[in-house]
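Read off the chains here:
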Amino acid sequence: MAVKSAQDIVNGQTIDLTLNSSIGKWEAEVTAPSKSSYNQSGHYYGVTLKVTDDAGNVTTVDVTDTTLGAALKLIVKEKLLL
């Protein structure tokens, strides 16, 4: 089965990913949350990846996934403005 669509869910915001056929990867430009992730549990925003294949099967993975979980952590650092 081929992937039909993919979405990223970060801090309650759902982002539709687009297939970049020249490199074979799903991607999107995303604005990080405006607040530091320091006060979040584990000091990161968890990312959920939701993929649908052309048969309508949906697979969802998040930070608890033993294979991909470590890659699904978004760390937002504070920026000091002077």
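Residues take numbers from 1 onward in each chain, read along the sequence in its written order. pLDDT decides what is reported in this predicted model: residues at 70 or higher carry local features, side-chain atom pairs at 80 or more are listed and counted, and totals for whole chains, interfaces and linings draw on all residues regardless. Working from all heavy atoms in the structure, the side-chain values ignore hydrogens and water.

Some points on the environment of Gln7
1) Next: A helix here means a DSSP run of H or I that spans at least four residues, while a strand means a run of E at least two residues long, and both kinds are numbered starting from the N terminus. The residue Gln7 is located in strand β1 (residues 3-10) in this model.
2) Next: Think of it in three bands: residues with accessible area under 20% of the maximum for their type are buried, residues over 50% are exposed, and the middle band is partly exposed, with areas taken using a 1.4 Å probe on protein chains only. The partly exposed category is assigned to Gln7, whose relative accessible area is 22%.
3) Next: It is 9.3 Å that separates the C-alpha atoms of Gln7 and Glu27, two residues lying 20 residues apart in sequence.
4) Next: Note on definitions: a residue-residue contact is assigned when non-hydrogen atoms from the two residues lie within 4.5 Å. In contact with Gln7, other than residues within four places in its own chain, are Thr14, Ile15, Asp16, Leu17, Thr48, Leu49 and Lys50.
5) Next: Within 3.5 Å is the distance limit for a polar contact, defined as a pair of N or O atoms, with the added protein rule that one can donate a hydrogen and the other accept it, and that residues adjacent in sequence qualify only through two side-chain atoms. Within polar-contact distance, the side chain of Gln7 engages the side chain of Asp16 at 2.9 Å.

Some details on the nonpolar core
1) Next: Counting residues in each nonpolar core, the largest one holds six residues, listed as Val10, Tyr45, Val47, Val61, Leu72 and Val76.
2) Next: Excluding residues within four positions of it along the chain, Val10 makes contact with Pro33, Tyr45, Gly46, Val47 and Leu74. Nonpolar core, defined: a set of buried Ala, Val, Leu, Ile, Met, Phe, Trp, Tyr and Cys residues in which side-chain atoms within 4.5 Å join the residues together.

Here we look at unusual backbone geometry
Trans is the prevailing form of peptide bonds, just as negative phi is the prevailing case for residues other than glycine.
1) Next: At Asn11, a residue that is not glycine, the phi angle is positive and equals roughly 55°.
2) Next: With respect to the element layout, Asn11 can be found in the loop between β1 and β2 (13-20).

Some thoughts on the pairing of strand β4 (residues 45-53)
1) Next: Pairing between two strands is assigned when DSSP locates at least 2 bridges connecting them. Sheet analysis places β1 next to β4, joined by seven bridges and oriented antiparallel. Looking at β4, one finds that Ala6 is bridged to Val51.
2) Next: Bridge count for β4 against strand β6 (residues 73-74) is two bridges, and the pairing is antiparallel. Across the sheet, residue Tyr45 finds its bridge partner in β6, namely Leu74.
3) Next: Direction of pairing for β4 relative to strand β5 (residues 58-61): antiparallel, over a ladder of four bridges. Directly across from Leu49, in β5, lies its bridge partner Val61.

Things to note about the confidence of the model for the protein chain
1) Next: The share of residues in the protein chain with pLDDT of 70 or more is 95%, and the mean pLDDT across the chain is 91.
2) Next: The secondary structure element of the protein chain with the lowest average pLDDT is β6, at 91, and the one with the highest is β5, at 97. Here pLDDT means the predictor's own confidence in every residue, given as a number from 0 to 100.

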